[in-house]
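# Structural overview
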Amino acid sequence: MSENVAILGLGTMGGGMAANLLKAGHSLAVYNRTAAKAQPLVNAGARLASTPAEAAQGASVIIGMLADDAASRAIWMGEDGALAGVKTGAILIESSTVSPAWIADLAGLAAQHGAELLDAPVTGSRAQAAAGQLTFLVGGSQRALQAATPVLKAMSKEIVHLGPIGAGAKMKLINNFLCGVQVASLAEGLTWIERSGLDPKKALSVLNTGAPASPLLAAISDRMVNRNYAVNFLLKLMAKDMVYAQNEAATCNVQLTTAEVSRALFDDALAKGLGDQDMASVIEPLRAK
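Residues numbered from 1 in each chain as written. Predicted model: local features only at pLDDT ≥ 70, side-chain atom pairs only at ≥ 80, totals over all residues. Heavy atoms only, no water.

## Some remarks on the overall build of the protein
Counted only if it meets this: Runs of H or I in DSSP of at least four residues are treated as helices and runs of E of at least two as strands, each being numbered from the N terminus. Atoms counted for the radius of gyration: C-alpha only. Globule rule: 2.2 Å times the number of residues to the power 0.38. Burial classes: relative accessible area under 20% of the type maximum marks a residue as buried, over 50% as exposed, and values in between as partly exposed (1.4 Å probe, protein chains only). By definition in these notes, contact holds between two residues if any of their heavy atoms fall within 4.5 Å. Under the convention used here, a 1.4 Å probe and the Shrake-Rupley method define accessible areas, while residue burial counts only the protein chains that appear. Charge counting treats Lys and Arg as positive and Asp and Glu as negative, with His and both chain ends excluded. Positions of charges follow a simple convention, taking NZ of Lys, CZ of Arg, CG of Asp or CD of Glu.
Looking only at helices and strands, the protein has 13 helices and nine strands in total. Relative to the 2.2 N^0.38 estimate, which gives 19 Å for 289 residues, the radius of gyration of the protein is 20 Å and therefore close to what a compact globule would have. Principal-axis analysis of the C-alpha atoms places the extent of the protein at approximately 65 × 45 × 35 Å. Within the protein, the proportion of its 289 residues that are buried is 51%. Of the contacts formed within the protein by residues at least 6 apart in sequence, a portion of 66% connects residues at least 24 apart. In the structure as shown, the protein presents an accessible area of about 12800 Å², 56% of it carried by carbon and sulfur atoms. Separation between the mean location of the 23 positive side-chain charges and that of the 23 negative ones in the protein comes to 6 Å.

What follows is the structure, encoded as structure tokens:
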């Protein structure tokens, strides 16, 4: 069934998600701070809105895909924010990687406007977004999820309902914490390999077929070896996610000591001006030492 959908944010992930909504036959309004990014979608049939509120008008499902809490707050609550255009009964879907505290606030604001929120961040990166192969990690009511499922299916290979509102955000932070630690340790390990005299190709073959193997290790090691830092996941966003993860874990009396150490590597890369490159570039300050 076709829905009137709005998507707010057309960055690394949002553009691919929006394209798949159009392919599935949904009527789509898009908003992006840099309007030029929306042009391919407009050419494919999307309606370009000049404000988030305009994008939200008439939409039964409104999706946010932004960088962080601040960007999400601005798109929903700011001047001409999407909440101003939300119709009664709409389903809001926050797919950004944000803090559970902000999700709780946004759920309350949605209710005040007669709408309901799902927090539904994703696993996967640019390639999965473009291919419609994301996994949605969902928190919220079963009723809202059922209503939003046709829209989510257009962008995904799997939808995992983890529990009440906030559950998706918590799971995503745990996921990204583990990814960040693995990327940081790989950067150190590969730098060690390169300086040890070992053949990097043979050494990585051992790692990628042995106990440390994972899809992330394979993808990131390839980017690091080839110094290919075209963005699949921005380094600055991984650094942000590690901070959010540490803050959230602390509410459960868990100290993420490995996150603290890994964050130091990402912070060093940020200081070297690598924030807008792929997170695999975290290896470069280590190589330079």
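## Overview of the pattern of salt bridges
Put simply, the rule reads: The term salt bridge refers to a pairing of a side-chain nitrogen on Lys or Arg with a carboxyl oxygen on Asp or Glu at a separation within 4 Å.
By the definition in use, this model includes 12 salt bridges. Between R47 and E54 there is a salt bridge, and its shortest N-O distance comes to 3.7 Å. Its relative accessible area of 26% is what places E54 among the partly exposed residues. Through salt bridges with shared partners, a single network forms among E194, R227, E284 and R287.

## Things to note about the state of the cysteines
A covalent bond between the sulfur atoms of two cysteines is what we call a disulfide. Where we set the bar: Counting rule for disulfides: a pair of cysteine sulfur atoms within 2.5 Å.
In the structure shown here, the tally under the stated rule is zero disulfides. C179 takes part in no disulfide bond, and the closest cysteine sulfur, belonging to C252, lies 19 Å away.

## Digging into helix α5 (residues 100-112)
Rule in force here: Multiplying one less than the number of residues by 1.5 Å gives the expected span of a helix. This arc is built from the directions going out from the helix axis to the C-beta atoms.
Compared with the 18 Å implied by 1.5 Å per residue over 13 residues, the 19 Å span of α5 between its first and last C-alpha is a close match. Three or more residues of α5 are buried, namely P100, W102, I103, L106, L109 and A110. Projection of α5 onto a plane perpendicular to its axis shows the buried side chains occupying an angular sector of 170°, all on one side. In α5, the exposed positions that point more than 90 degrees away from the buried face belong to A101, A111 and Q112. Buried residues belonging to α5 abut α4 (69-77), β5 (91-94), β6 (116-119), α8 (167-196) and α11 (235-250). After α5 finishes, the residue G114 shows a positive phi value of roughly 75°.

## Brief notes about the layout of surface pockets
Test applied: Every definition here rests on a 1 Å grid over the protein atoms only: cavities are sets of points where a 1.4 Å probe fits but cannot get out, pockets are open sets enclosed by protein on both sides within 12 Å along at least five of seven lines, and lining residues have some atom within 4 Å of a point. Grid points are joined across faces, edges and corners, and a volume is the space filled by probe spheres set on the points.
Here the second largest pocket defines a volume of roughly 160 Å³. Lining the second largest pocket are K170, L173, I174, F177, A245, E248, A249, C252, V254 and L256. Contributing elements (two or more residues each) for the lining of the second largest pocket: α8 and α11. For the lining of the second largest pocket, the element with the most residues is α8, which contributes four residues.

## With respect to the nonpolar core
What counts here: What is meant by a nonpolar core is a set of buried Ala, Val, Leu, Ile, Met, Phe, Trp, Tyr and Cys residues, joined one to another through side-chain atoms within 4.5 Å.
Judged by nonpolar contacts, the single largest core of 34 residues is most densely connected at V183, I220, M224, L235, F266, M279 and V282. Where this core is concerned, the elements lending two or more residues are α8, α9 (200-209), α10 (215-226), α11 and α12 (257-271). Setting aside its immediate chain neighbours within four residues, L235 contacts F266, A269, L270, L274, G275, Q277, D278, M279, S281 and V282. Residues I63, I91, I93 and A144 belong to the second largest nonpolar core, which totals 32 residues.

## Let's talk about the side chain of T191
For clarity, the cut-off: Nitrogen and oxygen atoms within 3.5 Å of one another constitute a polar contact, given that in protein one can donate a hydrogen and the other can accept it, and given that sequence-neighbouring residues count only through two side-chain atoms.
Looking at the secondary structure, you find T191 in helix α8. A distance of 2.7 Å separates the side chain of T191 from the backbone oxygen of A187, its partner in a polar contact. Once residues within four sequence positions are removed from consideration, T191 is found in contact with I283, L286 and R287.

Everything listed is a geometric property; what it means functionally is a separate question.
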